[in-house]
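# Architecture at a glance
Take a look at the letters that make up each chain.
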Amino acid sequence: MSSSANYAKVIGFTAAAVAAAVATYYLLNSDKKKTTTEPASSAPLSLPVVELSTFFNKDKDPESYRRECEKVAHALHHYGLVVLKDPRVAEADNDRFVDMMEKYFEGSDGLRDARPEYGYQVGVTKERVELPRNHCKAMGAYGPDNKPLSPCPPEKDPKWRFFWRTGPQPETTEFPAENMDAVIPVEFPEWKEVMDGWGSQMTRALFTLAEMAAVGFKMPSDAFTSRMMYGPHLLAPTGSDFNKFGQEGTVLAGFHYDLNFLTIHGKSRFPGLYVWTREGVRTAVSVPDGCLLVQAGKQIEYLTGGHVLAGFHEVLVNKSTSKVIEAKKAKGESLWRVSSTCFGHIASDQVLQPLAPFNSPEAVEKFPAIKAGNQVIAELKAIALK
């Protein structure tokens, strides 16, 4: 039985999600009016869709499965992105999740459900709490058509966040602070069911994709998934209030990369995501209906010795976003932009270091061994959340 199947079995017997540690960090805009415009290189990037259905049919059609695995490896190496379709994921469940999070963000005071004593790594984080990491040097290396719109030096983030642990926790760990109990808002009796349901769909998709990536890279099929078991995976929806931050040109999630292994998103109701390819080209991303978007994080960069890079990206209010805002205003619909995001992690007690065939002397020197839990702690300190 594959590691992906084993994980699904473990999930089925997990009684509750528990809290954990992860952070992604952003360079974000201030509240003042923006005058910047989108650069010329913002045409949408259309990636081929990876069909996870081939994973479940690999014994009957190994050639199709091999081609899809190679497609995953190619997309991660060149773009740090994969667009996938998972027959187990229902779009209606994403809608239910986003609907609930819109209502939560609209009514939350940002205080009762916050846990600053745990570095905000469970519960809610309101706007202007996260201090983003400084990536000014990297930003300055891009040409005029590919420069980020994020402020430099960074300012505190205007977005909200809610962290919810998804998946089984380890029985013992050197990093108990990364595996804390979840926060459940009392106004939502369906909260645990919805969060666990969507979180399990997202993590199952990540485990399957991770196995396909390993096959595509000609690694053992469980090279990644065995290290993801009992990781501090987090369902981590963001909330951006367009009643306050709807000005065109406003940066909602500034130039950053994710510190975890792989990040997966359901399709957002508002456009505005931009990514940088391996060649340094800034481009918008187009995700087809019914598909999911996966982005590479820092932990997969470690494990592949830089063959896959943690992808820089930012989210802003562009012309297309403004059109959706106006349409929703006319219909009286929510003006909160919710991302149905889930952070997949390497288990805290696992060691991050380049794996074969990426463990060249140069890669080993560039990526010295470190436990995943210590890597997370270092990143949290860098963004003033630890």
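Rules and cut-offs
Residues numbered from 1 in each chain as written. Predicted model: local features only at pLDDT ≥ 70, side-chain atom pairs only at ≥ 80, totals over all residues. Heavy atoms only, no water. Helix = DSSP H or I, 4+ residues; strand = E, 2+ residues; numbered from the N terminus. Buried < 20%, exposed > 50% of the residue type's maximum accessible area, 1.4 Å probe, protein only. Contact = heavy atoms within 4.5 Å. Salt bridge = Lys/Arg side-chain N within 4 Å of Asp/Glu carboxyl O. Axes fitted to C-alpha atoms, helices over the stretch in contact; angles between N-to-C directions. Parallel < 35°, antiparallel > 145°, perpendicular 65-115°, else oblique. Left-handed = near helix turned anticlockwise from the far one by under 90°. Nonpolar A, V, L, I, M, F, W, Y, C, P; charged D, E, K, R; others polar. Core = buried A, V, L, I, M, F, W, Y, C linked by side-chain atoms within 4.5 Å. Expected span 1.5 Å × (residues − 1). Pairing = 2+ DSSP bridges. Phe/Tyr/Trp six-rings, centres within 6.5 Å; stacked < 30°, edge-to-face > 60°.

Within the protein one finds 12 helices and 17 strands. Buried residues in the protein amount to 58% of all 386 residues. Contacts spanning at least 24 positions in sequence make up 84% of the contacts within the protein whose residues lie at least 6 apart.

Turning next to the pattern of salt bridges. Taken as a whole and assessed by the stated rule, the structure comprises 24 salt bridges. Arg88 is the partner of Asp86 in a salt bridge, and the nearest nitrogen-oxygen pair spans 2.8 Å. What makes Asp86 buried here is its relative accessible area of 4%. We classify Arg88 as partly exposed; its relative accessible area is 26%. A salt bridge links Glu127 to Lys244; the shortest N-O distance between them is 2.6 Å. With Glu127 in the loop between β4 (123-125) and α5 (136-140) and Lys244 in helix α8 (residues 242-245), this pair connects stretches of sequence that are 117 residues apart. Among the ionic contacts, a cluster of salt bridges with common partners joins Glu63, Arg66, Arg67 and Glu70.

Once that is clear, we can look at the packing of helix α4 (residues 91-107) against helix α6 (residues 191-216). Across the interface, α4 lies against α6 with an axial gap of 10 Å and an inter-helix angle of 130 degrees. The angle between the axes of α4 and α6 places the two elements in the oblique class. For the element pair α4 and α6, the recorded crossing hand is left-handed. Along the contact surface, α4 presents Asp93, Asn94, Arg96, Phe97, Met100, Met101 and Tyr104, while α6 presents Trp191, Glu193, Val194, Met195, Trp198 and Gln201. For the contact of α4 with α6, a count of residues per class yields 8 nonpolar, 2 polar and 3 charged.

Turning to the nonpolar core, a few remarks are in order. If you look at the biggest cluster of nonpolar residues, it comprises 66 residues, and the most contacted ones within it are Leu76 and Met101. A per-element tally of this core places α6 first, with 13 residues.

This part covers α4. With 17 residues, α4 extends 25 Å from end C-alpha to end C-alpha; this agrees with the ideal 24 Å at 1.5 Å per step. Taken as a whole, α4 has its buried residues at Asn94, Phe97, Val98, Met100, Met101, Glu102, Tyr104 and Phe105. On its buried face, α4 sits against β4, β5 (160-165), α6, β6 (234-235), β7 (238-241) and β14 (336-339).

Taking every second residue as pointing to the same face, both faces of strand β15 (residues 341-344) are buried, with Thr341 and Phe343 on one and Cys342 and Gly344 on the other. Here β6 runs beside β15; their pairing, made up of 2 bridges, is antiparallel. Its bridge partner lying in β15, Leu234 is registered against Phe343. Of the strand pairs in this sheet, strand β9 (residues 262-265) and β15 are connected by 4 bridges, and their pairing is antiparallel. From the neighbouring strand, Thr263 faces β15, where its bridge partner is Phe343.

So, on to unusual backbone geometry. For the peptide bond that leads from Cys152 to Pro153, omega is 0 degrees, which places it in the cis range. By the element assignment, Pro153 lies in the loop between α5 and β5. A cis geometry characterises the amide bond from Ala356 onward to Pro357, with omega recorded as 10 degrees. You will see that Tyr120, though not glycine, has its phi angle at about 60 degrees, which is positive. By the secondary structure assignment, Tyr120 is in the loop between α4 and β4. At Tyr230, a position not held by glycine, the phi torsion is positive, near 65 degrees. Among the structural elements, Tyr230 can be located in the loop between α7 (225-228) and β6. For Tyr230, a relative accessible area of 35% gives the class partly exposed.

Right, let's get into the packing of aromatic side chains. This model, assessed by the stated rule, comprises 21 aromatic pairs. Aromatic pair Tyr142 and Phe255: ring centres 5.8 Å apart, planes at 80 degrees, arrangement edge-to-face. In this pair, Tyr142 sits in the loop between α5 and β5 while Phe255 sits in strand β8 (residues 251-256), placing the two residues 113 residues apart along the sequence. Centroid distance Tyr142 to Trp276: 5.8 Å. Interplanar angle 40 degrees. Geometry classified as tilted. With a gap of 134 residues between them, Tyr142 in the loop between α5 and β5 and Trp276 in strand β10 (residues 273-276) connect regions that are remote in the sequence.

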